[in-house]
Amino acid sequence: MAGERGPVVTVLVGVLSAIGHIGYEPDWECERCREPWPCPALRRIPRDQLDPAALIRMMAFLVRGAIRDLRGRVEGPEPPEIVRRFFWFLPLSDDEARAIARRLR
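All of these numbers come straight from a predicted model, not from anything done at the bench. (Residues numbered from 1 in each chain as written. Predicted model: local features only at pLDDT ≥ 70, side-chain atom pairs only at ≥ 80, totals over all residues. Heavy atoms only, no water.)

Participant: What should I look at first to understand empty space enclosed by the protein in this one?
Facilitator: Once rolled over the atoms, a probe with the size of a water molecule shows which space is left empty. Summed over the entire model, instances satisfying the criterion amount to two cavities of 30 Å³ or more. As a volume, the second largest cavity reaches approximately 30 Å³. Taken together, R47, L50, D51, P52, L55 and F89 make up the lining of the second largest cavity. Within the lining of the second largest cavity, the residues separate by chemical class into four nonpolar, no polar and two charged. (1 Å grid on protein atoms, 1.4 Å probe; cavity = no way out; pocket = protein on both sides within 12 Å on 5 of 7 lines; lining within 4 Å. Points joined across faces, edges and corners; volume = space filled by probe spheres on them. Nonpolar A, V, L, I, M, F, W, Y, C, P; charged D, E, K, R; others polar.)

Have a look at this one:
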């Protein structure tokens, strides 16, 4: 995993592992609290403790798989909702989230 995803993702995965709130495909639920990942516990980490540039890269890497895995499920989130979920730390409008989701399909 580390060699395939690069140093930024490796560091973030290490941080997430330390707090125990990691999500995996295909369900994208938190391994620890079983909430949709990125879970509320991860979202509560103060922004000054996170590197937004690294988070953008990590979430951009992961969101495409999440869209593939989650869209079309009964009562599942739509692609723009998935984008907003994975990029919770950015102030995305609905139009921006839809545009990103369209590019990632």
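Participant: What exactly am I supposed to notice about the environment of R102 here?
Facilitator: Structurally, R102 is set in helix 5 (residues 94-104). Along the backbone, R102 and P80 are 22 residues apart, and their C-alpha atoms lie at a distance of 8.4 Å. (Helix = DSSP H or I, 4+ residues; strand = E, 2+ residues; numbered from the N terminus.)

Participant: Mind showing me how you'd approach the state of the cysteines here?
Facilitator: Between two cysteines, a covalent bond joining their sulfur atoms is known as a disulfide. Under the definition given, this model contains zero disulfides. Here C30 stays free of any disulfide, with the sulfur of C33 as its closest cysteine sulfur at 3.5 Å. (Disulfide = S-S within 2.5 Å.)

Participant: Looking at this model, I keep getting lost on unusual backbone geometry. Mind explaining?
Facilitator: Leaving glycine aside, a negative phi is the common case for residues, and trans is the common case for peptide bonds. Along the chain, E25 connects to P26 via a cis peptide bond; the corresponding omega equals 0°. With respect to the secondary-structure elements, P26 resides in the loop between strand 1 (23-24) and strand 2 (29-30). Positive phi, normally seen in glycine, also occurs at E75, with a value near 60°. Assignment of secondary structure puts E75 in the loop between helix 3 (52-70) and helix 4 (79-86). Judged by relative accessible area, which is 83%, E75 ranks as exposed. (Buried < 20%, exposed > 50% of the residue type's maximum accessible area, 1.4 Å probe, protein only.)

Participant: Hey, could you run me through the packing of helix 4 against helix 5 in this one?
Facilitator: For any two helices packed against each other, one specifies the inter-axial angle together with the distance between the axes. Two elements in contact, helix 4 and helix 5, have axes separated by 8 Å at closest approach and are oriented at 105°. On the basis of their axis angle, the class for helix 4 and helix 5 is roughly perpendicular. Residues P79, P80, V83 and R84 of helix 4 form the contact with helix 5, whose participating residues are D94, A97, R98, I100 and A101. Tallied by class, the residues present in the contact of helix 4 with helix 5 amount to six nonpolar, no polar and three charged. (Axes fitted to C-alpha atoms, helices over the stretch in contact; angles between N-to-C directions. Parallel < 35°, antiparallel > 145°, perpendicular 65-115°, else oblique. Contact = heavy atoms within 4.5 Å.)

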